[in-house]
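Secondary and tertiary structure notes
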Amino acid sequence: FTQAQIQGEEGRKIKKFFDASYPRGEYYHLDKPIQGAAAYVSKLKAAGARIVYLSERSGDFRAQTLAVLGTAGFPEGDLELQLRSGSVSKWKTSVAERLSTEGTLVAAFDNEPRVVNALKAALRTGRVVRLDTLATPGSPALGAGVEVVSDFR
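Worth saying up front: this structure is predicted, and the values here are computed from it rather than measured. (Residues numbered from 1 in each chain as written. Predicted model: local features only at pLDDT ≥ 70, side-chain atom pairs only at ≥ 80, totals over all residues. Heavy atoms only, no water.)

**A word on a nonpolar patch on the surface**
Going by this rule: What goes into a patch is any residue over 30% in relative accessible area without a salt bridge, connected to like charges within 9 Å or, for nonpolar side chains (Val, Leu, Ile, Met, Phe, Trp, Tyr), within 5 Å. Accessible areas in this description were obtained via Shrake-Rupley with a 1.4 Å probe; residue shielding takes into account the shown protein chains only. For salt bridges, the criterion is a side-chain nitrogen of Lys or Arg within 4 Å of an Asp or Glu carboxyl oxygen. For the purposes of this entry, the term helix denotes a DSSP run of H or I that reaches at least four residues, the term strand denotes a run of E that reaches at least two, and both are numbered from the N terminus.
On the surface, Phe17, Phe18, Tyr27 and Leu30 cluster together into a nonpolar patch covering about 400 Å² of accessible area. The topology assignment puts Leu30 in the loop between helix H2 (9–21) and helix H3 (37–46).

Have a look at this one:
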């Protein structure tokens, strides 16, 4: 979709459908990872990194979320999945801040510019990377020093 389509009538229809159905978990099984992401995360884990997944999904969908990650080839086992609690950007920032006190934070990834900016402002170490996928229309500009990737090839 073009930005005009997303912000136009087609985008409004899709958003209405998405807002009504996605939070209920009906379509989680259709989620596809960004190209190369599972292999990238597997290499990090093999190198000894602690992998923590943050999802905006509620705790009601933990099993479905884990199934999607496993099916997509992401590392399993001592998988750490944290599900949303409160405001998304504040929650993700607080989790990242806590994790950075538990060890060296290597990188944090998100698609939403407001979340990426909050992570960049809050974290003293590690790379903050914006995944160049769809973002909320009208999102703020990226802050200085934020890297952008479209895939993990």
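From this point, the discussion proceeds with the structure in view.
**A word on the packing of aromatic side chains**
Defined as follows: Centres within 6.5 Å make a pair out of two Phe, Tyr or Trp rings, where for Trp the six-membered ring is used; the pair is then stacked when the planes are under 30 degrees apart, edge-to-face when over 60, and tilted otherwise. A simple rule labels every residue: compare its accessible area, found with a 1.4 Å probe on the protein chains alone, to the largest value its type can have, and call it buried under 20%, exposed over 50%, or partly exposed in between.
All chains considered together, the criterion is met by 4 aromatic pairs. Ring plane angle 65 degrees and centroid distance 5.5 Å describe the contact between Phe109 and Phe152, whose orientation is recorded as edge-to-face. Placement of the pair is Phe109 in strand E3 (residues 107–110) and Phe152 in the segment after strand E5 (147–149), with a sequence separation of 43 residues. Given the relative accessible area of 28%, Phe109 is considered partly exposed. One aromatic cluster in this structure is built from Tyr40, Phe109 and Phe152.

**Some thoughts on the pattern of salt bridges**
This model, assessed by the stated rule, comprises 8 salt bridges. In this structure, Asp151 and Arg153 form a salt bridge, with 2.5 Å as the shortest nitrogen-oxygen distance. The structure contains a network of salt bridges with shared partners spanning Arg50, Glu80, Arg98 and Glu102.

**Remarks on the confidence of the model for the chain**
When pLDDT drops low, the exact placement of atoms in the prediction is not to be read closely. Selection criterion: Per-residue confidence from the predictor is reported as pLDDT, a score between 0 and 100.
On average, residues of the chain score 84 in pLDDT, and 97% of them are at 70 or above. The weakest mean pLDDT in the chain belongs to helix H1 (residues 3–7) at 73; the strongest belongs to E5 at 94.

**Comments concerning the sheet that holds strand E4 (residues 127–131)**
What counts here: Only when DSSP finds a minimum of two bridges between them are two strands counted as paired. With axes taken as lines fitted to C-alpha atoms, and helix axes fitted only over the stretch in contact, angles between N-to-C directions fall between 0 and 180 degrees. Residue contacts are counted whenever heavy atoms from the two residues lie within 4.5 Å of one another.
With respect to topology, 3 strands assemble into an open sheet ordered E3-E4-E5, the strand pairing being parallel. Single-partner strands in this sheet number two, and they are E3 and E5. Put simply, the sheet's adjacent strands are angled 30 degrees from each other on average, direction ignored. By the bridge criterion, 3 bridges tie E4 to E5 in an arrangement that is parallel. Bridged to Val129 within E5 is Glu147. Contacting E3 and E4, helix H6 (residues 113–122) crosses the sheet at an angle of about 175 degrees to E4.

**Observations concerning the packing of helix H5 (residues 88–101) against H6**
Put simply, the rule is: In this scheme the crossing of two helices becomes right-handed for a clockwise turn of the near helix relative to the far one and left-handed for an anticlockwise turn of less than a right angle. The nonpolar class holds Ala, Val, Leu, Ile, Met, Phe, Trp, Tyr, Cys and Pro. Asp, Glu, Lys and Arg form the charged class, and all remaining residues, Gly among them, are polar.
Axis separation between H5 and H6 bottoms out at 9 Å; the angle between their running directions is 35 degrees. Regarding H5 and H6, the two cross each other, and that crossing is right-handed. Packed against H5, whose contacting residues are Val88, Ser89, Lys92, Thr93, Ala96 and Glu97, the element H6 presents Arg114, Val115, Ala118, Leu119 and Ala122 at the interface. Here the residues of the contact of H5 with H6 are counted per class, giving 6 nonpolar, 2 polar and 3 charged.

**So, the pairing of E4**
As a reminder of what qualifies: Handedness is read with the strands pointing away from the viewer; a crossover is right-handed when the path from the first strand over the helix to the second is clockwise.
In terms of burial, E4 is largely enclosed, as 4 of its 5 residues are buried. Examined bridge by bridge, E3 and E4 share 4 bridges and lie parallel to one another. The residue of E4 that forms the bridge with Ala108 is Val128. Handedness of the crossover joining E3 and E4 through H6 is recorded here as right-handed.

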